[in-house]
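# Topology and contacts: notes
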Amino acid sequence: MKVIRTANELTKVLSIHNNIGFVPTMGCLHEGHLCLVKKSKLTNEITVCSIFVNPAQFNDPKDYKLYPVTIDEDITKLESLHCDILFLPGVEEVYPANYQNKYYQIGEIENLWEGFYRPGHFQGVCKVMDRLLDIVPATDLWMGQKDFQQCMVIEKLLVLTNRKNITLHRIETIRSNSGLALSSRNQRLSDDGIIKAATLYESLQLVQKLYQKEDFTKLEQYAKEDLLQNGFEEIEYISVIQKEPSVVIAAAAWIEGVRLIDNIILN
Ligand code: AMP
């Protein structure tokens, strides 16, 4: 695997390829990320994974500071999958001093659910993806359903920036045996927190089972109370998101000072 740190070198290396799979990540890789790399390896002529903890998408500076970094382990994992290229840029490489910020017209989704609780987050996601896709001429983009709303935003970004030739693949959420969605942020939980955090998925499953039979507001209330009893400190939202052709139940909640998100696709 080639580890490339500059945009110029990466663009040069990729210029001879015309079927490029791209897996953008913030590192601290787990089986969820690796699954995206495996899919790209099966489909694309060349696979590029990027690791860049994007300051622009963190509305909470503490969350950015505490974001886990495990580069050596990440490299070993990517090498074991024969990932072709790891792009590992610094902040000044992604956003040079003369970088012009833009406002992305992504519509109401910017301020709903994740957007409501993380102001500016999706503008930051668009900023980094717009830049990374300028550097990586991807034909296929591999992303996780776990960040369902992020997938919606990227779909919109591809249209807004006239990149209709890129295929966005959404890959199902990879979970531990307990049902807990794998996330780099799980590293910040204690052993007890990891066990308790799995109840987030259980609550979503309960809402999924009953949501057409019972009043949704009541269900949401039950689920929230349940999670609070199970050790969650705060539940930001449990909501049904309708996005043709999908209906999704999504949630965000805090446990041991860590913000976790999860969702289940209903159809
Ligand atoms: P992140 O490093 O959190 O920015 O995630 C990089 C990519 O991996 C995104 O497309 C995420 O949706 C995806 N991802 C993160 N966790 C999972 C998971 N548990 N299952 C599948 N994909 C995931």
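All of the points below concern the structure found in this document.

Reading the values: rules and limits
- Residues numbered from 1 in each chain as written.
- Predicted model: local features only at pLDDT ≥ 70, side-chain atom pairs only at ≥ 80, totals over all residues.
- Heavy atoms only, no water.
- Helix = DSSP H or I, 4+ residues; strand = E, 2+ residues; numbered from the N terminus.
- Buried < 20%, exposed > 50% of the residue type's maximum accessible area, 1.4 Å probe, protein only.
- Lys, Arg positive; Asp, Glu negative; His and termini not counted.
- Salt bridge = Lys/Arg side-chain N within 4 Å of Asp/Glu carboxyl O.
- Polar contact = N/O pair within 3.5 Å; in protein donor to acceptor, adjacent residues only side chain to side chain.
- Contact = heavy atoms within 4.5 Å.
- Near = heavy atom within 4 Å.
- Nonpolar A, V, L, I, M, F, W, Y, C, P; charged D, E, K, R; others polar.

With that out of the way, let us pick up the side chain of R118. With respect to the helices and strands, the residue R118 is situated in the loop between α6 (114–117) and α7 (121–135). One buried charged side chain, R118, makes no salt bridge at all; its nearest oppositely charged neighbour is D63, positioned 4.0 Å away. Engagement of the side chain of R118 in a polar contact is seen with the backbone oxygen of Q57, the distance being 3.4 Å. Contact partners of R118, with chain neighbours within four places excluded, come to Q57, F58, N59, D63, R185 and R259.

Here the focus is the site of the ligand. Every one of the 16 residues lining the ligand counts as a neighbour, but M26, H33, D147, I174 and L182 are closest to it. Contacts to the ligand include G144, whose backbone N or O atom sits 3.0 Å from an oxygen atom. In this structure, L182 approaches the ligand through a main-chain N or O atom, which is 2.9 Å from a nitrogen atom. Counting only elements with at least two residues in the shell around the ligand, the list comes to β2 (20–25), α2 (31–43) and β5 (140–144). No other element matches the 3 residues that α2 contributes to the shell around the ligand. Per-class residue counts for the shell around the ligand are 7 nonpolar, 6 polar and 3 charged.

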